Structures are given as structure tokens and as C-alpha cells.
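# Secondary and tertiary structure notes
Letter by letter, the chains look like this.
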Amino acid sequence: MKILVAVKRVVDYNVKVRVKSDNSGVDIANVKMSMNPFDEIAVEEAIRLKEAGVATEVVVVTAGVTQCQETLRTALAIGADRAILVETEVELQPLAVAKILKALADKEEAQILLLGKQAIDDDSNQTGQMLASLLDIPQATYASKVVVADGSATVTREVDGGLETIALALPAVITTDLRLNEPRYVTLPNIMKAKKKPIEIITPESLGVDIAPRLKTIKVEEPPKRSAGVIVADVAALIDKLKNEAKVI
Ligand code: AMP
């Protein structure tokens, strides 16, 4: 069984991004880039399924600029077998990525398509859902546990009220949530081994997909600054403020 994992290169989660002075977006020049944390969890899960003898091959894919190869090397160092970069300078929106992934899923005949629940840069939370729709196959989003056996997957999902467990026929799309696993540290020997693993570089055109953006960003703004808090003298003063100023009790 083949697993296709989608990984995105994003601004590292420790970086505090700044809005550009013309409000056209955030400044990502010279900032640290890393693999989207939810995608690292997806790669880890795929490797665990391979180690458990469920999967036979783990293929990682990313769409974006040349530098995305670094992200693929990290995924290969975690343990993926091979990688595909769909190279483009065009700004990719979730629908475009979903179309690219659909074309690759068809070509690779993958049984499980693993994605992060959302990318921490655009926070769209759309690609997995769009991919399942384009492929017309089942989906399980926000997975916190995945068990695969006999051509189906049993996925525990994090939902508002708690946990929901569903069974899906394969092929299926699964998107990862934070509690699914804790990704392993990448060791030096594995980084060295990853250098020898293949990265195939193709273009969106070769997949026959239209990746033209459908959405236009009108304006990006900083969130409003929060005003400073006050320290109250005692519990009585706090209760008084909650009752008479905030009027919440
Ligand atoms: P989003 O819908 O943008 O929040 O992204 C959800 C998930 O889709 C990510 O966690 C990735 O697994 C995948 N994804 C989004 N953009 C890309 C990309 N450019 N290349 C590969 N995978 C992507």
C-alpha cells in the first residue's frame, strides 16, 4: 500500500511575522522556513504505518518554489522513501494544491492521502477537503488516531464535543491533528541517507492542471493592539469590577 503525504514549506512557527508596509501581505524575506507542523505529524504517521508493515511505500509531495526541496529532504530524513516537487513560482491557493495532489494521487494510485489539517501560514484548512471532493473518495479530518486494516481505515477525529470514530473505505484522505503523534527527531545518519533519496521535479503543466489563483488578497492588517491590563488590590475589587465594569457576573 502506497501513502502519499503532502508537505508544505511555511514560515517557521517561532517566527513573528510582520505585515508589509503596503498591507499587501507579510514579509517573508530572510525569515526561517520549516515544514508545516501538521505535515510533520502526517509524515511521522505514514512512516509508523510503514514500520508496522501496513504501508509499503511513503511518497512525499510538495508544490512551490525550488527551495521547497529542503522541506522534502526533511521528510526524506524522517523516513519517506521518495519525494516529488511540483515546481512553480505561482502563488498557490488550496484549490490549486488540491488539483495538483489529485493528479498525483491518480498517477501514483495511492491508497492513503495524508495531509495536515491546516497550513499555519494561510490557516485555510481547505486542501484536504477539496482533494477528497475532487477525487470523490471518503475523508477523515482532524485525525488523532489512525488504524488501518483490511482495506479500510478507522480514524478517531477531534470534534467540538470530544472524539468521534469513523470507518472509511480506502482510498481515502486523512488530515492530521496535533495529538495524532509526536514526530521523531531527525538524526544525522538519516539526514545523510536522505541526501541519496530521489526527488523528482515536475511542473503543474505536466500534470495538466490549472493553478491560476481564484482569490485576491485585498488587505492584510496586524490585529489590534490589546490594551494593558490592571492589577486589582484584592478579590473584592476584582468581583466589583467583573460585576459593575465588565458586567460579566
Ligand atoms: P491549507 O488548506 O492551506 O490549510 O493546508 C492544509 C494541508 O494541505 C497542509 O497541511 C498540507 O498537508 C497541504 N498543503 C497545502 N499547501 C501545500 C503545498 N503547497 N504543497 C504541498 N502540500 C500542501
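The coordinates are above.
Residues numbered from 1 in each chain as written. Predicted model: local features only at pLDDT ≥ 70, side-chain atom pairs only at ≥ 80, totals over all residues. Heavy atoms only, no water.

## Structural notes on helix H4 (residues 127-135)
Definition in use: Only protein chains enter the area calculation, which uses a 1.4 Å probe; residues under 20% of their type maximum are buried, those over 50% are exposed, and those in between are partly exposed. Only DSSP runs of H or I with at least four residues qualify as helices, and only runs of E with at least two residues qualify as strands; both kinds are numbered from the N terminus onward. Picture the helix axis, draw a direction to every C-beta atom, and the arc is the one those directions span. What makes two residues a contact is simply this: any of their non-hydrogen atoms within 4.5 Å.
Taken together, the buried positions of H4 are Thr127, Gly128, Leu131, Ala132 and Leu135. For H4, the buried positions fall inside an angular range of 135° around the axis, keeping them on one side. Taken together, the buried residues of H4 touch helix H3 (94-108), strand E8 (112-116), strand E9 (139-149) and strand E12 (172-176). The first or second residue beyond H4 is Asp136, which carries a positive phi of 55°.

## Quick look at the site of the ligand
Put simply, the rule reads: Near, as used in this document, describes a residue that has one of its heavy atoms within 4 Å of the molecule or strand being considered. Identification of polar contacts relies on pairs of N or O atoms within 3.5 Å, with a donor-acceptor requirement for protein atoms, meaning one able to donate a hydrogen and the other able to accept it, and with residues adjacent in sequence counted only if both atoms are side-chain atoms. Using a 1.4 Å probe, the Shrake-Rupley method yields the accessible areas, and only the shown protein chains count as cover for residues. Only Asp, Glu, Lys and Arg are considered charged, only Ala, Val, Leu, Ile, Met, Phe, Trp, Tyr, Cys and Pro nonpolar, and every remaining residue, Gly among them, polar.
With respect to spatial proximity, 18 residues lie near the ligand, and among them Asp39, Ala119, Asn125, Gln126 and Thr127 are the closest. One of the side-chain nitrogen or oxygen atoms of Asp39 is found 2.5 Å away from an oxygen atom of the ligand. The backbone of Asn125 places a nitrogen or oxygen atom 2.7 Å from an oxygen atom of the ligand. Surface burial for the ligand is 98%, taken as the share of its 480 Å² of free accessible area covered by protein chains. Contributions of two or more residues to the shell around the ligand are made by strand E6 (57-64) and E8. No other element matches E6, which puts 3 residues into the shell around the ligand. Partitioned by chemical class, the residues of the shell around the ligand number 7 nonpolar, 8 polar and 3 charged.

## A short note on helix H2 (residues 68-78)
Every buried residue belonging to H2 is among Cys68, Thr71, Leu72, Ala75, Leu76, Ala77 and Ile78, and all of these are buried. Phi turns positive, to about 145°, at Gly79, one or two residues after H2.

## Focus on the nonpolar core
A general trend in soluble globular proteins is that nonpolar side chains are found buried together. Note the following rule: What makes a nonpolar core is a set of buried Ala, Val, Leu, Ile, Met, Phe, Trp, Tyr and Cys residues whose side-chain atoms join them at distances within 4.5 Å.
Val5, Val43, Val60 and Ile174 are the most contacted members of the largest nonpolar core, which has 37 residues in total. Dropping the residues within four chain positions of it, Ile174 is found in contact with Ile112, Leu113, Leu114, Leu115, Ala140, Ala143, Val146, Ala153, Val155 and Leu168. By size, the runner-up hydrophobic cluster in this structure holds 26 residues, among which are Val59, Val61, Ile84 and Leu92.

## As for the side chain of Lys2
Among the secondary structure elements, Lys2 is positioned in strand E1 (residues 2-6). The buried category is assigned to Lys2, whose relative accessible area is 19%. Separated by 2.7 Å, the side chains of Lys2 and Glu108 make a polar contact. Setting aside residues no more than four positions away along its own chain, Lys2 makes contact with Thr56, Glu57, Val59, Arg82, Glu108, Ala110, Gln111 and Ile112.

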